[in-house]
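# Reading the structure
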Amino acid sequence: QVQLVESGGGLVQAGGSLRLSCAASGTSFSINVMGWYRQAPAKQRELVAQITSGGSTNYADSVLGRFTISRDNAKNTVYLQMNNLKPEDTAVYYCKANIVAVGYYWGQGTQVTVSS
């Protein structure tokens, strides 16, 4: 059974940094795209950043230049380095993995809270 386990969330002051990790397990198929989404209270879930198995990346305009997504294909793990965090970055962050020939899966979410 496919599982995505996230870690690294927490409480940080504005201007601080956090690093999120998401490890996928339970599949022998390739994962072509891995990404991070976030959902703030009373708002829709939105894409933060995504990365292909070849290393191509895509970012939301609001995090460009502050967040960096990376992945370790051998470990089926994706990372999100978040720098210069702002209060508006406060949300539950979810990992998503698109698995070839299987479909997509979500992690359980990790809370990121940025205080002003």
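Details of the structure are given in the entry above.
Treat the numbers as computed from the prediction; the structure is a model and nothing was measured.

## Considerations on the environment of Asn 76
Looking at where Asn 76 falls in the secondary structure, it is placed in the loop between strand E7 (67-72) and strand E8 (77-82). Distance in space between the C-alpha atoms of Asn 76 and Ser 30 is 8.8 Å, their sequence separation being 46 residues. Residues within four places of Asn 76 in sequence aside, it is in contact with Cys 22, Ala 23, Ala 24, Ile 31 and Met 34.

## Some words on the nonpolar core
Side chains of a nonpolar character, in soluble globular proteins, are inclined to be buried together. Counting residues in hydrophobic clusters, the biggest one holds 30 residues, and the most contacted among them are Trp 36, Leu 80, Met 82 and Tyr 93. When residues of this core are traced back to their parent elements, those giving at least two are strand E3 (18-25), strand E4 (31-39), strand E5 (46-52), E7, E8, strand E9 (91-99) and strand E11 (110-115). Ranked by residue count, the leading element in this core is E9, at five residues.

## What about the state of the cysteines?
Summed over all chains, the structure comprises one disulfide. Across the disulfide from Cys 22 sits Cys 95; the S-S distance is 2.1 Å. For the disulfide bridge between Cys 22 and Cys 95, the dihedral angle about the S-S bond is near -80°, and by the sign convention the bridge is left-handed. Remark: Cys 95 occurs in strand E9 and Cys 22 occurs in strand E3; sequence separation between them is 73 residues. Cys 95 gets classed as buried once you look at its relative accessible area, which sits at 0%.

## So, unusual backbone geometry
Although it is not a glycine, Asn 84 adopts a positive phi angle of roughly 50°. Along the polypeptide, Asn 84 turns up in the loop between E8 and E9. By relative accessible area, Asn 84 is classed as partly exposed at 43%.

## Section: the sheet that holds E3
Strand order in this open sheet of four strands is E1-E3-E8-E7, and the pairing throughout is antiparallel. The sheet is open, and its two edges are formed by strand E1 (3-7) and E7, each paired on a single side. Going from strand to strand, the sheet's axes swing by 15° on average, the running direction of each strand aside.

Calculation notes
Residues numbered from 1 in each chain as written. Predicted model: local features only at pLDDT ≥ 70, side-chain atom pairs only at ≥ 80, totals over all residues. Heavy atoms only, no water. Helix = DSSP H or I, 4+ residues; strand = E, 2+ residues; numbered from the N terminus. Contact = heavy atoms within 4.5 Å. Core = buried A, V, L, I, M, F, W, Y, C linked by side-chain atoms within 4.5 Å. Buried < 20%, exposed > 50% of the residue type's maximum accessible area, 1.4 Å probe, protein only. Disulfide = S-S within 2.5 Å. Pairing = 2+ DSSP bridges. Axes fitted to C-alpha atoms, helices over the stretch in contact; angles between N-to-C directions.

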